[in-house]
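# Examination of the molecular architecture
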Amino acid sequence: MNLAAIPRISLAHLPTPIEPMPRLSAELGGPEIWVKRDDCTGLSTGGNKTRKLEFLMAEAEAAGADMVMTQGATQSNHARQTAAAAAKLGMKCHILLEDRTGSNDPNYISNGNVLLDHLHGATTEIHPGGGDMNAIMEAEADRRRSGGASVYTIPGGGSNPTGAIGYVNAAMELVAQTNDARLSFDRIVHATGSAGTQAGIITGLRAMNAKIPLLGIGVRAPKPKQEANVLALAEATAERIGCAGVVRPQDVTANCDYVGEGYGIPTEGCLEAIRMFAELEGLLLDPVYSAKAAAGLIDLIRTGKFSAGQRVLFWHTGGAVALFGYDKALTA
Ligand SMILES: *Cc1c(COP(=O)(O)O)cnc(C)c1O
């Protein structure tokens, strides 16, 4: 593994801090809970996609692209961070937004991440939910290529081996920080969606033989599908960085019990988690990803799956901009 040899553009404020959450830990009465602040990666309010975009945008530049195209749900944090990265690098950005929730709330449709997509100069088009969005995007990219544009496509969530390298790098950052601080964690917990974050972290941890178990809390797919997606991407990522075979099936664990009705539909637990983190730690979670992961963590602590004496790291992946698309759920 030699990440320094892989093209990369610096976009994120790194390393992100690791901080204790003493009031949340005391409230739950279980393990000591800490947070890795990837909500503070800096680009257009930050979030986990910025780490992936450091490698993806370098590939786009190397390919001579004048436009990047990507896709995501209406309130996609990935779309917003891609739009910002493209703006910073002087590339055009076109985004296909998929209506996965059917919400008619004007704030959901045009505030939050959508407002920022447009502020960063991206163009958007809206599609109904349920299509093969990566395939629809590739067709649109081909259409523009035949008109002479040089388009670089980024899959949903930036989750391909190139994007996942951002989280291999993040795993190395984490291990260096915990070594320096002599801080040992019994478990890392984070939200898993398009799988690149979990695939990258597990690949990095396994490549270093760092024995910190990783638990992804799912936000969309059922457990078997989520774990298969993460494993396949981790295997491809490991191969890409010259560490083929380091990730084993038993290294990939997802808990998909906290999705609720579906992707992007808030649950009681997720709304409670948003309030707890906000009121006890001054931290902002989002209803689609980080709060569903936090709801899982809170429930696993309450049901005794983590105990006092353990130390757990909640990897905050960002997303608070989406709160402005979900204000009704929080003020009702
Ligand atoms: C995209 C996203 C995730 C999930 O990361 P994946 O790499 O898609 O699994 C988690 N949290 C937030 C806030 C996100 O935007």
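Refer to the preceding data block for the structure.
How each quantity is defined
- Residues numbered from 1 in each chain as written.
- Predicted model: local features only at pLDDT ≥ 70, side-chain atom pairs only at ≥ 80, totals over all residues.
- Heavy atoms only, no water.
- Helix = DSSP H or I, 4+ residues; strand = E, 2+ residues; numbered from the N terminus.
- Buried < 20%, exposed > 50% of the residue type's maximum accessible area, 1.4 Å probe, protein only.
- Contact = heavy atoms within 4.5 Å.
- Areas by Shrake-Rupley, 256 points an atom, 1.4 Å probe, with all protein chains shown as cover.
- Lys, Arg positive; Asp, Glu negative; His and termini not counted.
- Charge placed at Lys NZ, Arg CZ, Asp CG, Glu CD.
- Pairing = 2+ DSSP bridges.
- Axes fitted to C-alpha atoms, helices over the stretch in contact; angles between N-to-C directions.
- Phe/Tyr/Trp six-rings, centres within 6.5 Å; stacked < 30°, edge-to-face > 60°.
- Lys NZ or Arg CZ within 6 Å of the ring centre and 35° of its normal.
- Near = heavy atom within 4 Å.
- Polar contact = N/O pair within 3.5 Å; in protein donor to acceptor, adjacent residues only side chain to side chain.
- Nonpolar A, V, L, I, M, F, W, Y, C, P; charged D, E, K, R; others polar.
- Salt bridge = Lys/Arg side-chain N within 4 Å of Asp/Glu carboxyl O.
- Expected span 1.5 Å × (residues − 1).

## Remarks on the overall build of the chain
Each helix and strand in the chain was counted, giving twelve helices and ten strands. Reported as C-alpha extents along the three principal axes, the dimensions of the chain are approximately 60 × 50 × 35 Å. Within the chain, buried positions represent 58% of all 332 residues. When contacts within the chain are restricted to residue pairs at least 6 apart in sequence, long-range pairs at least 24 apart make up 81% of them. For the chain, the accessible area works out to roughly 12,900 Å², and carbon and sulfur atoms hold 52% of it. For the chain, the separation between the mean place of its 29 positive charges and that of its 34 negative charges on side chains is 3 Å.

## Here we look at the sheet that holds strand β5 (residues 123-128)
Taken in spatial order, the four strands make up an open sheet running β5-β4-β3-β6, and their pairing is parallel. At either end of the open sheet lies a strand with only one pairing partner, and these are β5 and β6 (151-154). On average, adjacent strands in this sheet sit at an angle of 20° to one another, irrespective of strand direction. Relative to β5, strand β4 (residues 92-99) is paired through six bridges, and the arrangement is parallel. Across the sheet, the residue bridging to I95 is T124, located in β5.

## So, the packing of aromatic side chains
Per the counting criterion, the structure on display carries five aromatic pairs. Geometrically, the ring pair formed by Y108 and Y326 is edge-to-face, given 5.4 Å between the ring centres and 85° between the ring planes. Highlighted residues: Y108 in helix α4 (residues 106-110) and Y326 in the loop between β10 (311-316) and α12 (327-331), separated in sequence by 218 residues. As far as burial versus exposure is concerned, Y108 and Y326 are alike and both buried. Judged by centre distance (5.8 Å) and plane angle (75°), the ring pair of Y263 and Y289 falls under edge-to-face. Here Y263 is found in the loop between β9 (254-255) and α10 (268-281), whereas its partner Y289 is found in the loop between α10 and α11 (290-302), with 26 residues between them in sequence. Summarising the burial analysis for this pair, Y263 and Y289 share the class buried. Of note, K49 hangs over the ring of Y289, and the distance from its end group to the ring centre comes to 5.4 Å. One residue, R220, lies across the ring of Y263, its end atom 5.6 Å from the ring centre.

## Thoughts on the site of the ligand
Near the ligand you find 17 residues, and of these K49, K52, S194, T197 and T317 are the closest. Here N48 contributes a side-chain N or O atom positioned 3.0 Å from an oxygen atom of the ligand. Note that an oxygen atom of the ligand is positioned 2.7 Å from one of the backbone N or O atoms of G193. Protein burial of the ligand: of its 380 Å² of free accessible surface, 98% is covered by the chains. For the shell around the ligand, the secondary structure elements donating two or more residues are α2 (49-62), β7 (187-192) and α8 (196-207). Considered class by class, the residues forming the shell around the ligand number three nonpolar, eleven polar and three charged.

## Details of the pattern of salt bridges
Counted under the stated rule, the structure contains 17 salt bridges. R37 is paired through a salt bridge with E19; the nearest N and O atoms lie 2.8 Å apart. Within this pair, whereas R37 is found in strand β2 (residues 32-37), its partner E19 is found in strand β1 (residues 18-20), the two being separated by 18 residues in sequence. A residue is classified by how much of its surface remains accessible, and R37, at 14% relative accessible area, is buried. With its nearest N and O atoms 2.8 Å apart, the salt bridge here joins D142 to R145. Remark: R145 and D142 occur in helix α6 (residues 133-146); sequence separation between them is three residues, near one turn of the helix. On the basis of relative accessibility, which here comes to 30%, the residue R145 falls in the partly exposed class. Residues joined by salt bridges that share partners form a network here, namely K36, D38, R51 and E173.

## Here we look at α10
Relative to the 20 Å expected for 14 residues at 1.5 Å per residue, α10 spans 20 Å between its end C-alpha atoms, a close match to the ideal helical length. Every buried residue belonging to α10 is among C270, L271, A273, I274, M276, F277 and L280, and all of these are buried. Looking at the buried side of α10, the elements it contacts are α1 (22-28), α11, β10 and α12. A positive phi of about 65° marks G282, the residue just after α10.

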